[in-house]
Amino acid sequence: MSRPKQSEAHHEELIEAFRNQLKPVFESSEQGMYLYLDDAHKVCNERYASLLGYGTPGEWARVTEFTNLVAEKSTDALVTAYQRAMERKIGSTITVTWKKKSGGTVDTNVIVVPVAYNGHLFALHFVSPKV
């Protein structure tokens, strides 16, 4: 089912405004970060895009299929952490294997926290490569 254009535009404006508010953190964090509203409305910092082999955060954001970003073995953990953040307002620390643009994978530690902005609930992710 397609999303109404008015809602689509609202979500695009919302994610852009929240990204601008978080810009100092996104630009200076030593961790990869991404802010997620839904598969079509997400933004990340340069560090996270680079970790997965994307040239820019915008290139990463255009990947709208969740299964193209997350290894199958990590899907349940990431979905559960997201649900806990959205439904119970609980943060989580999990291990996630991401699919790289090149076809490889990268193992990471991910912190998922719920954050509210302008009446909407987002999931903010901090991502660090496992060492």
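Our subject is the structure that appears above.
Residues numbered from 1 in each chain as written. Predicted model: local features only at pLDDT ≥ 70, side-chain atom pairs only at ≥ 80, totals over all residues. Heavy atoms only, no water.

Draft legend 1. The sheet that holds strand 3 (residues 92-99), seen in detail. The strand order 2-1-5-4-3 describes an open sheet built from five strands, whose pairing is antiparallel. The sheet is open, and its two edges are formed by strand 2 (41-44) and strand 3, each paired on a single side. Recorded for the sheet is a direction-independent mean angle of 30° between the axes of neighbouring strands. Running at roughly 140° to strand 3, helix 4 (residues 72-88) makes contact with strand 1 (32-38), strand 3, strand 4 (105-117) and strand 5 (120-129) of the sheet. (Pairing = 2+ DSSP bridges. Helix = DSSP H or I, 4+ residues; strand = E, 2+ residues; numbered from the N terminus. Axes fitted to C-alpha atoms, helices over the stretch in contact; angles between N-to-C directions. Contact = heavy atoms within 4.5 Å.)

Draft legend 2. Region of the structure containing the side chain of Ser 92. Residue placement: Ser 92 occurs in strand 3. Here Arg 84 takes part through its side chain, which lies 3.4 Å from a polar atom of the side chain of Ser 92. Excluding anything up to four places from it in sequence, Ser 92 contacts Ala 81, Arg 84, Val 110, Ile 111 and Val 112. (Polar contact = N/O pair within 3.5 Å; in protein donor to acceptor, adjacent residues only side chain to side chain.)

Draft legend 3. Layout of the packing of aromatic side chains. For the structure shown, the criterion picks out eight aromatic pairs. When the centroid spacing of 4.9 Å and the interplanar angle of 65° are considered together, the rings of Phe 18 and Phe 122 count as edge-to-face. Of this pair, Phe 18 sits in helix 1 (residues 5-28) while Phe 122 is found in strand 5, placing the two residues 104 residues apart along the sequence. Comparing Phe 18 with Phe 122 shows no difference in burial state: the two are buried. Ring centres 5.3 Å apart and planes at 90° place the aromatic pair Tyr 48 and Trp 60 in the edge-to-face group. (Phe/Tyr/Trp six-rings, centres within 6.5 Å; stacked < 30°, edge-to-face > 60°. Buried < 20%, exposed > 50% of the residue type's maximum accessible area, 1.4 Å probe, protein only.)

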